[in-house]
Amino acid sequence: MSKYLVLVTGFSSAAIQVIFLREYLTIFSGNELTIGMVFALWLLFSAIGSRVGKSVSWPPLKTLNLLYVISVLIGFSLARATRLFFLPGEMISPWIIPLIIGITQSDAAFFGGLVYGKIATQQTGQSLYRFENLGSLFGLIAITIGILLQCPNGILLGMVLS
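Thresholds applied
Residues numbered from 1 in each chain as written. Predicted model: local features only at pLDDT ≥ 70, side-chain atom pairs only at ≥ 80, totals over all residues. Heavy atoms only, no water. Helix = DSSP H or I, 4+ residues; strand = E, 2+ residues; numbered from the N terminus. Contact = heavy atoms within 4.5 Å. Buried < 20%, exposed > 50% of the residue type's maximum accessible area, 1.4 Å probe, protein only. Arc of directions from axis to C-beta. Salt bridge = Lys/Arg side-chain N within 4 Å of Asp/Glu carboxyl O.

### Observations regarding the side chain of Q17
Step number 1: Tracing the sequence through the fold places Q17 in helix α1 (residues 3-27).
Step number 2: When neighbours within four sequence positions are excluded, Q17 is seen to be in contact with F39 and W42.

Structure (structure tokens):
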């Protein structure tokens, strides 16, 4: 398995997680509870996806990558559409927040974990983690530059997925 694919997986996962976090902070008026829920649910669904990816031999990696991109686009669109259901400034119940986060980002986190789990069965050791972490670092640097240049989340997402 190519180290390039591991690098790209880390890059896209870290960058997409930041983009989703920025969306949720605007939807839920940003607080620590929201940030904790975003990270907890992302890690939960990524872990489930990784576990499934290690135990199944289907589908091919190209299909998984396509499902990952589609799930990110659907999740981002649903997150954006969430604003249509609440008035500006309206407080959203703490019980609704994890439901919305789970619905909008669970597929992206799951398929990201699934891709990584599939790669982990074909490549082991420190190089796998080293290249995934290096990709995450590059993804976070790229997103930080985009944020500093005041790029909207939709533009950032397009850059990450291209």
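### Considering unusual backbone geometry
Step number 1: We note that Q150 has phi near 60°; this positive angle belongs to a residue other than glycine.
Step number 2: Residue position: Q150 is located in the loop between α5 (126-148) and α6 (153-161).
Step number 3: Residue Q150 is classed as exposed on the basis of its relative accessible area, which comes to 70%.

### Quick notes on the side chain of T9
Step number 1: Among the structural elements, T9 can be located in helix α1.
Step number 2: The exposure class of T9 is buried, given its relative accessible area of 10%.

### So, α6
Step number 1: Among all positions in α6, only N153, L156, L157 and V160 are buried. Mapping the buried residues of α6 onto a view down its axis gives an arc of 100°, with all of them on the same face.

### Some remarks on the pattern of salt bridges
Where charged atoms from two side chains of opposite charge come close, those side chains can pair.
Step number 1: Inspection of the entire model under this criterion finds two salt bridges.
Step number 2: For the salt bridge of E23 with R80, the shortest nitrogen-to-oxygen distance reads 3.0 Å. With E23 in helix α1 and R80 in helix α3 (residues 61-82), this residue pair connects regions lying 57 residues apart in the sequence.
Step number 3: Among the residues examined, E23 registers a relative accessible area of 1% and is labelled buried.

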